[in-house]
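Chains, contacts and geometry: an overview
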Amino acid sequence: MNRFTTTTESEAVVAAERAAIWAVLTDPEMLPRLTPLLTSIETDGDLWRWSMVRLKVLGVGIAPTFTERMTFTDGARIDYTHEPPAGGHEYTGAEGWYVLQDAPGGTHLAIKLTLHVELPLSRLASPGVTALMNVTLQRTGDRFVQNLLRHLDTHQVR
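The rules behind each value
- Residues numbered from 1 in each chain as written.
- Predicted model: local features only at pLDDT ≥ 70, side-chain atom pairs only at ≥ 80, totals over all residues.
- Heavy atoms only, no water.
- Helix = DSSP H or I, 4+ residues; strand = E, 2+ residues; numbered from the N terminus.
- Rg over C-alpha atoms; globule rule 2.2 N^0.38 Å.
- Buried < 20%, exposed > 50% of the residue type's maximum accessible area, 1.4 Å probe, protein only.
- Contact = heavy atoms within 4.5 Å.
- Areas by Shrake-Rupley, 256 points an atom, 1.4 Å probe, with all protein chains shown as cover.
- Lys, Arg positive; Asp, Glu negative; His and termini not counted.
- Charge placed at Lys NZ, Arg CZ, Asp CG, Glu CD.
- Arc of directions from axis to C-beta.
- Phe/Tyr/Trp six-rings, centres within 6.5 Å; stacked < 30°, edge-to-face > 60°.
- Lys NZ or Arg CZ within 6 Å of the ring centre and 35° of its normal.

With that out of the way, let us pick up the overall build of the chain. Scanning the chain from terminus to terminus reveals 3 helices and 9 strands. Expected size for 158 residues packed as a compact globule is a radius of gyration near 15 Å; at 16 Å, the chain falls within 12% of this value. Each principal axis of the C-alpha atoms in the chain carries an extent, and together these give about 50 × 30 × 20 Å. The buried share of the chain, taken over its 158 residues, is 44%. Excluding contacts between residues fewer than 6 apart, the proportion of contacts in the chain whose partners are at least 24 apart in sequence is 55%. For the chain, the computed accessible surface area is about 8,500 Å², with 52% contributed by carbon and sulfur atoms. Taken as two groups, the 14 positive and 18 negative side-chain charges of the chain have centres that lie 9 Å from each other.

For helix α1 (residues 18-25), the full list of buried residues reads Ile21, Trp22, Val24 and Leu25. Looking down the long axis of α1, one finds its buried residues gathered within 160° of arc, a one-sided arrangement.

Let's shift gears to the packing of aromatic side chains. Summed over the entire model, instances satisfying the criterion amount to 4 aromatic pairs. Taking 5.7 Å as the distance between ring centres and 45° as the angle between the ring planes, the aromatic pair formed by Trp48 and Phe72 counts as tilted. Separated by 24 residues along the polypeptide, Trp48 in strand β3 (residues 47-52) and Phe72 in strand β6 (residues 65-73) bring together distant segments of the chain. For Trp48, a relative accessible area of 3% translates into the label buried. The rings of Trp22, Trp48, Trp50 and Phe72 are connected pair by pair, giving a single aromatic cluster. Directly above the aromatic system of Phe4 lies the positively charged group of Arg123, at a separation of 5.2 Å from the ring centroid.

Here is the structure:
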């Protein structure tokens, strides 16, 4: 098994109140409806278990499920870090944050996500795996933003 990692960052001003965006980002039932590839989130306090659809990565099928410790700073910031169950091992995990700030015309939303996956592939496959991870994250992020804007009945300012 080898670990493959990629990171993405994005930011935008969304023409919506910070409280409305916060409500979506902290709702484990709404997030799977708006996020492509995400099927469900199970919660146990601040531990959230994220489950995704089955994916193929260079011929290897995976169905990522991973547990994240969620830290909420009311209305302003969400941090998450991978925290598998005690004694358990998860082959996928994420680290990152969301930051929300009031901005002219709406809310400035910044997101950072580092995703890792362990696969039974050679390190030589790293360029292909990383490229696929980058494209998948970009498309998923773009669709999430479109779905979020539609859900909030608003638009992106910049």
